[in-house]
Structures are given as structure tokens and as C-alpha cells.
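Coordinate inspection notes
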Protein chains: 2
Amino acid sequence: MVKELHSDVSDKAAGIDVTDGFEPFAQRNDIFTRAFWDPAVRCARSDAFFASYRMEATPRRGDGFGQRDFALRNASWLISDVMTDRFADQGRREGFQAPISADTPVAPVALKVTDSNEMSREIKKVARFFKADLCGITGVDSRWHYSTRIDTRDLSDAPNNLPEGITSVIVLGHEMDADLVDTYPAATAGAATGRAYSQEAATVMQLAAYIRNLGYEAVPSMNDTALVIPYALQAGLGEYARNQMVITPQFGPRLRFSKIFTSLPLAHDSPKPQGVRAFCDICTKCAEACPVKALPFGPPEVGGTNISALKGVRKWTSDAEKCFGFWAKLASDCAICLRVCPFNRDFRKWHHRLWLRLALSPLRRVALWFDRGRGGRKKPGAWWSAP
Amino acid sequence: MVKELHSDVSDKAAGIDVTDGFEPFAQRNDIFTRAFWDPAVRCARSDAFFASYRMEATPRRGDGFGQRDFALRNASWLISDVMTDRFADQGRREGFQAPISADTPVAPVALKVTDSNEMSREIKKVARFFKADLCGITGVDSRWHYSTRIDTRDLSDAPNNLPEGITSVIVLGHEMDADLVDTYPAATAGAATGRAYSQEAATVMQLAAYIRNLGYEAVPSMNDTALVIPYALQAGLGEYARNQMVITPQFGPRLRFSKIFTSLPLAHDSPKPQGVRAFCDICTKCAEACPVKALPFGPPEVGGTNISALKGVRKWTSDAEKCFGFWAKLASDCAICLRVCPFNRDFRKWHHRLWLRLALSPLRRVALWFDRGRGGRKKPGAWWSAP
């Protein structure tokens, strides 16, 4: 645990609604970790799901689930896998159940930082150079840090420590390939996830090494150590949506997030809520499209149906058991809720930016109407044969 | 060694001029390996050069050589470094003095390949998905394979083996950052090199894993195992130039190459010489700009001034000792010859494509005249402060 720290950003501005019943999350309760110890989740199918990612191929019937589809998906994870496995013998599944170990020491002489605004600008430039698609910076908020992490050797709780002096969190966004996201559910689509994780690993490691070379602490982190979604909200990268994702003005929900905990003096960003919440209030496309109805149709609520839900936060919460059960059945990750989201657009294009303005205005129902017929599944075979 | 194989591409088409005195290259004679065993190359400065890449920072005076410049350069190499170090205890400096070890087995069931043209198209698509900027495919040519590689534990010669059944070489191009290349010589510029190597490592490993998942051998390779330049020429990616680089129609010389040796049935590309040789015949910008005059001013010749030259090939050959001596002095890589090359342009832009047509036409002297004043060094400080 980091020492008790609270963000300099107001929860209201970030769209976060914490109640008295709040409890920090224990990593052992996330659905992927439960798949190893909890008989309510673990089954032959969930074991086969994990095994399929490290087997040479897992072909079966159906477009998007053949040998080349699994071959692509598994290859796409490779760089993430290499980093994840490096200290497995110490019980550290890095990037998932432990932060990524530093490869470079903190330089003995620290660069003098006189202007934290300028340093934040520079960090964002270096983040872009290392292929991050988005970068926001916020303060440490210990509420989002896992109360304990997991030692993967025996699935026992392990202390979730960070070095002394961490004050800021750099949150990075990594775009997922739009054409492959359009093919969910398919093993082919899983390559969009895997490639983003591999890129995440490379980017956080390189940016953290840069900061360490400047003489400051920097801990590269993917899914480990803390919840990234509230940090992304506090860092002003986007707004929380019904499909459990952060909607960004650049890629909608079509990206993954990673983070770096650092002692480098940095100016912090602010949330800029635009109205995603009001749109999600009238849109249930993700909840309707979910084959196992794991997403909520109603307003945000406190709690959830099982221990994988974050306690004491009023928000849209999925039924993680139903969700992961479907992944295990597919032997691949599902993100239909991402594919069908009306915000799943490329806002670098002007006509999508125009739609976004409409969606965030009182005319949001018109925007929703314009979205009809979008978000259908594209055939994985068509991805392969496209030039 | 691979068994004696010769390319299906004629040397003439590829612009390769091999004479009777040809000898395969022994890796111990490359200038970087010599820097560890040859007293003619190794000195306190060359040791300091290598050490500077793995130290937390090596600041000294001058724009482009401060703490943040070295911090960026060294961080940019990180992914390549991690891969390079994995089997160092076995004497394998992977990607440089040994191919990269496979992380995935060859799938027991091989995908049936009925159309090698279609498979080549698919491989190029997957290469692009894994962020290769160029991809060409050619046959194995054992002339370019090192006669021996180096065991980095004791610098002894080690056998340079590939698995049985390798028939094709997939050659990948990785663009270097144009803005940073403009700052050579500078530690900042070295980040363009390091980031490209880190990307190379990720891309060749992922693409090779994909092929292995299809049930075929695939060996990911960076600078190790074989000379990549003749392979890039045979694979039709570009033409050889006075500055020792391959000029491509997409990025000119501003890229690095990696390769994969594979048994996957693939159709091969052909060289398409456009006239770079004739342009280099009238242009000596690189040779003039070289601070230590390591590049030749005259026509291609057989041989070179020292044992780092490839024997028995008529070509432009640098004086590797002078070249590397300057790198050691800088404590960073130099590529002034890349920066000043008239072909160092972004040919995705129409006006540069227009210039290219002129440069490859009988009006090449006009193109050279239009190039005057280009290629000057941009200040590293300006790179940092640019938005």
C-alpha cells in the first residue's frame, strides 16, 4: 500500500461517486485471479481458456477461430508474455499481478526540475515518442490501489508496495486496432487486445526507464497494483461508460490503459466531463448486445452481484462471472460491448467529431438515432483478405 | 552454416557484384565485435562507448548530449536490451551475435499452404499488423551467412546454425524517426536508432511466433546470423548506396532492417532497380559530410582498408575503423551520412516523390542541384521544445 493519499481532483469533477461503504479492492478478487482459486469461477473451460494463449494454436470450427486466427492472437501477446514471465519464479506475474521490475537503476544525480508544467509537457512528448496514443497525469490516490496483490506461486496475498516518494501517476492510452475490433467475437479480434498489451509493456517500460535515467523513481504498471479506470478519469483522459470502459474524445472506448507511478515533479491534468454519462443514460446498446447479459440496463448502482465488483462505489458494474464465463466458452476475449458502442469511432475524422458534438449535446437522442445499424460484426475472413 | 544455397534472384538484377575472391564474412570481424578483442579497435573510449548505453545517464556538455538526451537514448533501447540479455549466460547476445531464441514451439500440425503467392500476401499483412514498415521476401543465399558467429562469453567462434528446411528469408524494414535523424550527431538522435531496434525486436519475434504457430520454422534475426543488406536488395526493398545503406522508394535510407528465416512456403519478390547507383555516382554528399572521411569518394571497388570489409564484392565500402572511432568519441552512434543523403525524404509526400522521379531520371544532376542546402543539422534542443 502507498501511504494514505487522496487525489487533488474532486470526485465530482471526475464523475466518481464513492459512498461510505467503500473498500479498496483486493487483487485476489478480480475475475482472472479468481479463475485460479475460486471454484465458483474455475472450471475445465477456464483452464483451457488460459492454456490456449500459450499453446501453439487452438483451431476449431468457424470463421475467426481457425489456426491462423489463434496463431495471430497468440503471437500478438508475445512481448507482453516475455515481460510477464521474467520473474514468474518469484511469484510475480508482472504487468498483471505485480508491477514490472525496473531494468535500470535510478540515476544517482537527479535532473533539476524547476517547472513542473514544462516537465509534464516533456513527459507527454516522450510518451508519444514511445508510441503511447494518449497521456494524462494525476496525483496518487491510494483508494485505487489494491489492498493486497497475489503471489502467483501459491495464490497467497502479497504486500502491494511502491517505493517511497511516489506522488504522480502517468496514465497512458493505447489504441486497439479498429478493423480487428470490428470482428469481435473472434480469436482474430483477440490480436487487437494482445498487440495493445505488447505495446503497453514496451511503452511503460521505456517511459519509466527514461524517468529513472533522469534520477527519479518510476514504476511501470499494466493491470497490476491499482485500478487504472479511476486514474484515467482523474487524469482527464475520458469519462466512464455503461460498458465499463473509459470513453475518450480521441478513440471512444477503443483503447487500453497503462500507468507509471513516479516521484518526478509533474503538473497534473484535470477531468473535463463532456456528457458521456447522460448519453449512456439513454443508450443500452452494449447491454443489449452482450450475449450473456452481463451489463446493467439501469442507472449506476452501489455494489454488484459478486465479489469481483468494487465495493461502495456508485457506478455501472458488470457481472464479471457471466462475462468471463463467455470468454472461457469462446477460448478468447470478448469485447462485443466495445464493438457496438456508439462512441467506438475514429474521432480524428471530422464527421465522427461532428457526431460526437451531437452525442454530447441535448440532442443526444438524435445522435443515437444516427448510430442505428452501426457496430455490426465484420467477418474475420474479410479482415484476412482485405489488402 | 546453412547448406550451400544460392538466391533465385540474379546478382545483376539485385545490383550485387561478387568476384572470385569472395569469402563469407566471419562475425568476429565486424567492427562492434572487434571492439572487444582487437587491440586495433578496442580502447578506453570504445569501452566507455558501450558502457554508456547501459548506464543510467552519461551527461556531458553540449546541446544533444545532456542528461535527458542520454536518458531518452538509453530508454529507447530497453526492449531490444531485454531480448538481447535473455540468454547472455549462454554466450548468446541475441539479435546481435545470435538469432533470437523462440518462445513458442512449432505447432505440431502445419497449416496446408496451397498458394505461396497468397501466403506471401498474408505474411506481409501480418508483418504490417506487427508494425513493420516494409516487407520483402527472398530465397536463402548462404553467401550472406556468417561463416561463424561469436560466443560472447569468451569471444570464441561458434557455429552459425539454422534449423533444417529453411528456404525463405522475410526482410523487414523499420522506419527511423525523421525529426530525430535530423539531429545527428547527438545522443538524442541515438533514440531514433534505439527505438527502431526495440521495434525490430518486437516485430520479428511476433511475426516469427505467428509462423511457428502455423506449424513452420521461423528464426527471428536482427544483426546476427547473416548480412541483411544483400538480402534487402534481393527481396526488392531498395538499392545499395554510397553511404552503405539501402535506399528504399518509401523512406530513402531512413530505416533499419531485420529478417526471419523460415520454412513456410512463400513466393519471392524481385529486385526493381530504378537508378540509385547512377545517382550515387554523381553525388558524394555523404562522403563529404563524414567528419572522419570514412566513406569512399570514388566508384565501387573490391575490398576495403581493413578486415571489417566484406571480401570479394565490388561495392562502396566504408572504413569501419574510422567510422566507429568517431562513434566512440561521441559516446553515441553517428549517422550524419544518413541525415545528409538526398534520398532521406518522406516519399509518402507527393513533392518528394516528384523529386525522386527526377533523381532516378537522366536529369539526376538537376535533382542534385535542387537538393542543395538540405540535410543540415537541426538542434536537439529544438526537438525537445517542439510541440
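Notes on the structure in this doc start here. Predicted, not measured: the structure shown is a model, and the values here were computed from it. (Residues numbered from 1 in each chain as written. Chains lettered and ligands numbered in written order. Predicted model: local features only at pLDDT ≥ 70, side-chain atom pairs only at ≥ 80, totals over all residues. Heavy atoms only, no water.)

1. Considerations on the packing of aromatic side chains
Rules: Stacked, edge-to-face and tilted are the three classes for Phe, Tyr and Trp ring pairs, Trp counted by its six-membered ring, which pair at centre distances within 6.5 Å; planes under 30 degrees apart are stacked, over 60 edge-to-face, the rest tilted. The helix and strand labels rest on DSSP assignments: H or I over at least four residues marks a helix, E over at least two residues marks a strand, and numbering proceeds from the N terminus. With a 1.4 Å probe rolled over the protein chains alone, any residue whose accessible area is under 20% of its type maximum counts as buried; one over 50% counts as exposed, and the rest are partly exposed.
Applying the stated rule across the entire model yields 48 aromatic pairs over all chains. With 6.2 Å between their ring centres and 50 degrees between their planes, A:Phe49 and A:Trp327 make a pair best called tilted. Here A:Phe49, found in helix H3 (residues 44-54), pairs with A:Trp327, found in helix H12 (residues 320-330); they are 278 residues apart in sequence, far enough to count as distant. Like A:Trp327, A:Phe49 is buried. With centroids separated by 4.9 Å and ring planes inclined at 65 degrees, the aromatic side chains of B:Phe279 and B:Phe343 adopt a geometry described as edge-to-face. Placement of B:Phe279 in helix H10 (residues 276-282) and of B:Phe343 in the loop between helix H13 (336-339) and helix H14 (350-359) is noted, with a sequence separation of 64 residues between them.

2. Focus on the pattern of salt bridges
Note that side chains of opposite charge can pair when their charged atoms are close. Where we set the bar: Think of a salt bridge as a Lys or Arg side-chain nitrogen and an Asp or Glu carboxyl oxygen that are within 4 Å of each other.
According to the stated counting rule, one finds 50 salt bridges over all chains in the structure shown. Its salt-bridge partner being B:Glu122, residue A:Arg68 comes within 2.8 Å of it at the nearest N-O pair. On the criterion of chain membership, the pair formed by A:Arg68 in helix H4 (residues 67-76) and B:Glu122 in helix H6 (residues 116-129) is interchain, its members lying in two chains. Here B:Glu122 falls in the buried class, since its relative accessible area comes to 4%. Between A:Arg195 and A:Asp177 there is a salt bridge, with its nearest N and O atoms 3.8 Å apart. Taken together, the positions of A:Arg195 in helix H8 (residues 187-213) and A:Asp177 in the loop between strand S4 (168-175) and helix H7 (178-181) put the pair 18 residues apart, joining distant regions of the chain.

3. What to know about the interface of chain A and chain B
Our working definition: We call two residues in contact whenever any of their non-hydrogen atoms come within 4.5 Å of each other. Accessible area, probed at 1.4 Å, shrinks when two parts are joined; the buried area is that loss added up over both. Identification of polar contacts relies on pairs of N or O atoms within 3.5 Å, with a donor-acceptor requirement for protein atoms, meaning one able to donate a hydrogen and the other able to accept it, and with residues adjacent in sequence counted only if both atoms are side-chain atoms.
At the junction of the two partners, chain A supplies 48 residues and chain B supplies 49 residues. Between chain A and chain B lies a buried interface of about 4,100 Å² when both sides are counted; carbon and sulfur atoms form 66% of it. Here chain A and chain B share two salt bridges between them. Taken together, the links from chain A to chain B amount to 22 residue pairs in polar contact (both at pLDDT 80 or more). At the level of elements, H4, helix H5 (78-85), helix H6 (116-129), H8 and helix H16 (380-385) of chain A are the ones that each hand at least two residues to the side of chain A that touches chain B. Looking at which element gives the most residues to the side of chain A that touches chain B, the answer is H8(A), with ten residues.

4. Some thoughts on the sheet that holds strand S5 (residues 218-221) of chain B
All names here are of chain B. What counts, and what does not: Here the rule is simple: two strands pair whenever DSSP picks up at least two bridges between them. Helix axes are fitted only over the stretch in contact, all axes being lines through C-alpha atoms; the angle between N-to-C directions runs from 0 to 180 degrees.
Within the open sheet, the four strands sit side by side as S1-S4-S8-S5. Their pairing is antiparallel. Of all the strands in the sheet, just strand S1 (134-139) and S5 have a single pairing partner and so form its edges. Strand-to-strand, the axes of this sheet are offset by a mean angle of 20 degrees, without reference to chain direction. Sheet analysis places S1 next to strand S4 (residues 168-175), joined by six bridges and oriented antiparallel. Of the residues in S4, the one forming a bridge with Thr138 is Val169. Strand contacts of H6: S1 and S4, with the helix running at about 140 degrees to S1, the strand carrying the most contacts. The strands touched by helix H8 (residues 187-213) within the sheet are S4, S5 and strand S8 (255-262), with S8 carrying the most contacts at an inclination of about 20 degrees.

5. Here we look at the relation of the copies chain A and chain B
Just so we agree on the cut-off: C-alpha atoms of residues with pLDDT of at least 70 in both copies form the basis for the least-squares superposition of the copies.
Aligned on chain B, chain A shows an RMSD of 0.0 Å; the corresponding rotation is 180 degrees and the shift along the axis is 0.0 Å. Each copy turns onto its partner about a two-fold axis.

6. Looking at the side chain of B:Glu200
All names here are of chain B. Where we set the bar: Asp and Glu count as negative and Lys and Arg as positive, but His and the ends of the chain are not part of the count.
Here Glu200 lies in helix H8. Here Glu200 occupies a buried position and makes no salt bridge, while the nearest side chain of opposite charge, Arg256, is found at 4.1 Å. Apart from residues no more than four positions distant in its own chain, Glu200 is found in contact with His174, Met222, Arg256, Phe257 and Ser258.

7. Points about the sheet that holds strand S8 (residues 255-262) of chain A
Residue and element names in this part refer to chain A. An order of S1-S4-S8-S5 is seen for the four strands of this open sheet, with the pairing classed as antiparallel. The open sheet has two edge strands, strand S1 (134-139) and strand S5 (218-221), and neither has a second partner. Mean inter-strand twist for the sheet, computed between neighbouring axes without regard to direction, equals 20 degrees. With eight bridges connecting them, S4 and S8 associate as antiparallel partners. Residue His174 lies in a different strand from S8, and its bridge partner there is Arg256. Of the strands in this sheet, S1 and S4 touch H6, which is tilted by about 140 degrees from S1. Strands S4, S5 and S8 of the sheet are contacted by H8, whose axis makes an angle of about 20 degrees with S8.

8. Some thoughts on the environment of A:Leu237
All names here are of chain A. Turning to its location among the elements, Leu237 is positioned in the loop between helix H9 (228-234) and strand S6 (239-240). A relative accessible area of 7% means that Leu237 is categorised as buried. Once the C-alpha coordinates of Leu237 and Leu255 are considered, the two residues, 18 residues apart in sequence, prove to be 11 Å apart. Other than its neighbours up to four places away in sequence, Leu237 contacts Leu134, Cys135, Gly136, Val171, Ala232, Ile247, Thr248, Pro249 and Phe257.

9. Points about the pairing of S8(B)
Residues and elements named next belong to chain B. Among the eight residues that make up S8, seven are buried, leaving the element largely enclosed by the rest of the structure. With four bridges joining them, S5 and S8 adopt antiparallel strand pairing. Within S8, the position partnered with Val219 by the bridge is Phe261.

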